[in-house]
Amino acid sequence: MRLGRLQAWMLDLPTAVVYGSLALFISVLHNVFLLYYVDTFVSVYKINKTAFWVGETVFLLWNSLNDPLFGWLSDRQFLSSQPRSGAGLSSRAVVLARVRALGWHGPLLAVSFLAFWVPWAPAGLQFLLCLCLYDGFLTLVDLHHHALLADLALSAHDRTHLNFYCSLFSAAGSLSVFASYAFWNKEDFSSFRIFCVALATGSGLGFVGATRLLRQRVEAARREPESLALAADGSLCGEELLAGCKEAASITLGQYLQQLARHRNFLWFVGMDLVQVFHCHFNSNFFPLFLEHLLSDHISLSTGSFLLGISYVAPHLNNLYFLPLCQRWGVYAVVRGLFLLKLGLSLLMLLAGPDRPGLLCFFIARYAPPSLTPTPLCHPFILAPSLFAGSNRVFTEGTCKLLTLVVTDLVDEDLVLNHRKQAASALLFGMVALVTKPGQTFAPLLGTWLLCFYTGHDLFQQPPLVPVGSAQPWPEPLAPPPAQAPTLRQGCFYLLVLVPITCALLQLFTWSQFTLHGSRLHMVKAQRQSLSRAQTLEVKMV
């Protein structure tokens, strides 16, 4: 009886809640992965330095290429698979395909997560295989999850509604960071392994349950004269996108890239997003250096664990505030306002100088999110950014999370401009990642070069900063003599303020060239809906 009521309650859940819950099952694993995988291989498995760098280099290449690769493999059938007769591919078929993929790849992501915490091969080989396997399944899950945002809803309001629940469930999933402290013990790893098994089991079962509910919703909608777009109440309604019965020519990868090269708003967007990714990872890589030389006398490490957990939860909660603003003013205006705010605060900090610890603390905390995708050159500072990226991470992280909504609008424009029979959502998300991920590598490279050029100080000639409770992985030469400290402090300050000023100016310029907002965005939405209705009529006539 109780089981029946529980099933009935689950079936009554709004579609937006079920979709958002998928973010919980990703977040509950990924935050623990980011926090502990380096320390596990360095301090527990005792990986050597060469194997560590080889693994990170291979991972960097794989991480850059797998997004467009998986996007193409996923969506090429939607671009070129057109039958010679009868009704073609519908948006319901596309959504069902993505939901089924999540139903398979989500549990496999949980299994690959478990592979980190049990030694089953030489440390160097296990490090390489685990990283590539985990990142591969994570990319597949992220691509299909983001693509569903564009496929389940058409209007900006409904997509914002979906994204709201993603942020809410992501914040809940980040609480696994707090729970992990009770089990993390490098000397006795068994309790932490049990904790990870529990997380992976819950996540895998959650993926199975959520995708089953979504599949039932879509299949039920097929039997009703309604559509698949998401209404404000979270139900499935709207229009059905049917690929007509006319045969369409196949689209090769080269032709698709030529179409993207002519997509003006896509080019301006990835230019802006490249700078955004660079800025996020610059803050992550150099945050501990800024703290050491600008705020070490004013901040204690004793609150590090608490701030670490808060730093994972706060960006998602903050997004709950930004999303209603997007519904009222539009994503374009909110993102532009965040760029202006970043520029204004950076100029204020530059005028105030390095001798204002209170203002410095506020400024650094606001602009210092931990890296979500570690790169080789950021590992000398691994995990330390998280210890102090305390209560906010507001503007940088907030902007990144809002840009997902912009990509869904680009998916609509791509469909309209190229007269596609179906939107290539996952492929477009993959192409955005391909162009913007180099910013992760440029950030530590350019930052270390600028600091060395200005101060003559080589960061790799001093020991890396080590977070609380972590062992120093590899010994390095001693730090420069104290006489160099004033010059280094000045260099850190100018790096801290001039980089966000430069990024803000570049982003304001590129964002001003982006025209997919206002009347043009409404026109694209209207044309996509009219194309959908025309395709539906075409199929009914057949």
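Residues numbered from 1 in each chain as written. Predicted model: local features only at pLDDT ≥ 70, side-chain atom pairs only at ≥ 80, totals over all residues. Heavy atoms only, no water.

The name given to the protein chain in an unreviewed UniProt entry is Major facilitator superfamily domain containing 13A, and the organism recorded there is Suricata suricatta. Per UniProt, the protein chain has the following entry under Subcellular location (unreviewed entry): "Membrane". (UniProt positions renumbered as here; feature names shortened; annotations may be inferred.)

Draft legend 1. Spotlight on the overall build of the protein chain. A count of helical and extended segments in the protein chain gives 19 helices and zero strands. Expressed as a percentage of the 542 residues in the protein chain, the buried residues total 56%. Of the contacts made within the protein chain by residues no fewer than 6 positions apart, 86% connect residues no fewer than 24 positions apart. (Helix = DSSP H or I, 4+ residues; strand = E, 2+ residues; numbered from the N terminus. Buried < 20%, exposed > 50% of the residue type's maximum accessible area, 1.4 Å probe, protein only. Contact = heavy atoms within 4.5 Å.)

Draft legend 2. Broad picture of the pattern of salt bridges. Enumeration over the complete set of coordinates arrives at nine salt bridges. The partner of R159 in a salt bridge is D412, and the shortest N-O contact between them spans 2.8 Å. Taken together, the residues span a long stretch of sequence, with R159 in helix α6 (residues 156–173) and D412 in helix α15 (residues 394–417) at a distance of 253 residues. Across this residue pair, the class does not change: R159 and D412 are buried. Put simply, K525 and D409 hold a salt bridge, and the shortest N to O gap is 3.1 Å. (Salt bridge = Lys/Arg side-chain N within 4 Å of Asp/Glu carboxyl O.)

Draft legend 3. Representation of the packing of helix α16 (residues 425–436) against helix α17 (residues 438–455). Running from amino to carboxyl end, α16 crosses α17 at an angle of 20°, the nearest separation of the two axes being 5 Å. For the element pair α16 / α17, the angle class is roughly parallel. Between α16 and α17, the residues in contact are L434, V435 and T436 and P438, G439 and Q440, respectively. Taken together, the residues of the contact of α16 with α17 sort by class into three nonpolar, three polar and no charged. (Axes fitted to C-alpha atoms, helices over the stretch in contact; angles between N-to-C directions. Parallel < 35°, antiparallel > 145°, perpendicular 65-115°, else oblique. Nonpolar A, V, L, I, M, F, W, Y, C, P; charged D, E, K, R; others polar.)

Draft legend 4. Just the nonpolar core, in detail. Core analysis: the largest hydrophobic core is formed by 111 residues, its most contacted members being F113, F116, W117, F192, F269, L402 and W511. At 19 residues, helix α2 (residues 15–44) tops the list of elements feeding residues into this core. Counting the residues that make up this core, at least three belong to each of domain 1 (10–225) and domain 2 (252–460 + 483–541). Beyond its immediate chain neighbours, meaning those up to four positions away, F269 contacts L403, V406, V407, L410, V432, W511 and F514. Counting 11 residues, the second largest nonpolar core, distinct from the first, contains F278, A443, C492 and C503. (Core = buried A, V, L, I, M, F, W, Y, C linked by side-chain atoms within 4.5 Å. Domains from an automatic or database assignment.)

Draft legend 5. Looking closely at the UniProt feature "transmembrane region" (unreviewed entry) in the protein chain. Mapped onto the present numbering, the UniProt feature "transmembrane region" (unreviewed entry) falls at residues 16–38, 101–118, 124–141, 162–184, 190–214, 266–287, 299–317 and 329–352. What you have in residues 124–141 is 100% helix and 0% strand, and the ends, taken at the C-alpha atoms, are 26 Å apart. Here residues 190–214 runs as 100% helix and 0% strand, with 36 Å between its end C-alpha atoms.

Draft legend 6. Examining the packing of aromatic side chains more closely. All chains considered together, the criterion is met by 32 aromatic pairs. Judged by centre distance (5.6 Å) and plane angle (65°), the ring pair of F493 and Y494 falls under edge-to-face. We classify Y494 as partly exposed; its relative accessible area is 31%. (Phe/Tyr/Trp six-rings, centres within 6.5 Å; stacked < 30°, edge-to-face > 60°.)

Draft legend 7. Molecular detail of α2. The terminal C-alpha atoms of α2, which comprises 30 residues, lie 43 Å apart, in line with the 44 Å expected from a rise of 1.5 Å per residue. Buried residues dominate α2, accounting for 28 of its 30 residues. Taken from the residues just after α2, K46 is the one with a positive phi, measuring 60°. (Expected span 1.5 Å × (residues − 1).)

Draft legend 8. Here's a closer look at the packing of helix α9 (residues 253–261) against α16. Packing of α9 against α16 leaves a shortest axis separation of 13 Å and a crossing angle of 70°. For the element pair α9 / α16, the angle class is roughly perpendicular. Where α9 crosses over α16, the two elements pack in a sense that is right-handed. Note on element contacts: α16 touches α9 through L427, L428 and M431, opposite Y256, L257 and L260. (Left-handed = near helix turned anticlockwise from the far one by under 90°.)

Draft legend 9. A look at unusual backbone geometry. Positive phi values are uncommon outside glycine, yet K46 reaches one of about 60°. As for its position among the elements, K46 is in the loop between α2 and α3 (49–80). Assessed through its relative accessible area of 60%, K46 is described here as exposed. Positive phi, close to 55°, is recorded for H419, a residue that is not glycine.

Draft legend 10. A look at the confidence of the model for the protein chain. Chain-level statistics for the protein chain give a pLDDT mean of 75 and a share of 68% at 70 or above. Residue range residues 81–88 is modelled with pLDDT below 50. Its contacts to residues more than four positions away, or to other chains, number 19 contacts. (pLDDT = per-residue confidence, 0-100.)

Draft legend 11. Main features of the environment of V406. Turning to its location among the elements, V406 is positioned in helix α15. Spatially, the C-alpha atoms of V406 and F269 are 8.6 Å apart, while their sequence positions differ by 137 residues. If we skip the residues at most four places from it in the chain, V406 touches F269, V331, W511 and F514.

Draft legend 12. Quick peek at a nonpolar patch on the surface. A cluster of nonpolar side chains, namely V118, W120, L125 and L129, defines an oily patch on the protein surface of about 370 Å² accessible area. Overall, V118 belongs to the partly exposed group, its relative accessible area being 42%. (Patch = residues over 30% accessible without salt bridge, like charges linked within 9 Å, V, L, I, M, F, W, Y side chains within 5 Å. Areas by Shrake-Rupley, 256 points an atom, 1.4 Å probe, with all protein chains shown as cover.)

Draft legend 13. Spotlight on the side chain of S180. Of note, S180 is situated in helix α7 (residues 176–180). In this structure S180 comes out as buried when scored by relative accessible area, which is 0%. In terms of polar contacts, S180 uses its side chain to reach the backbone carbonyl oxygen of V177, at 2.5 Å. When near neighbours in sequence (up to four residues on either side) are disregarded, S180 contacts L35, Y36, F192 and F195. (Polar contact = N/O pair within 3.5 Å; in protein donor to acceptor, adjacent residues only side chain to side chain.)

Draft legend 14. The arrangement of the environment of T510 in detail. In this structure, T510 sits in helix α18 (residues 485–512). Between the C-alpha atom of T510 and that of M272, which follows or precedes it by 238 residues, the distance is 5.7 Å. Discounting residues that sit within four places of it in the chain, T510 has contacts with W268 and M272.

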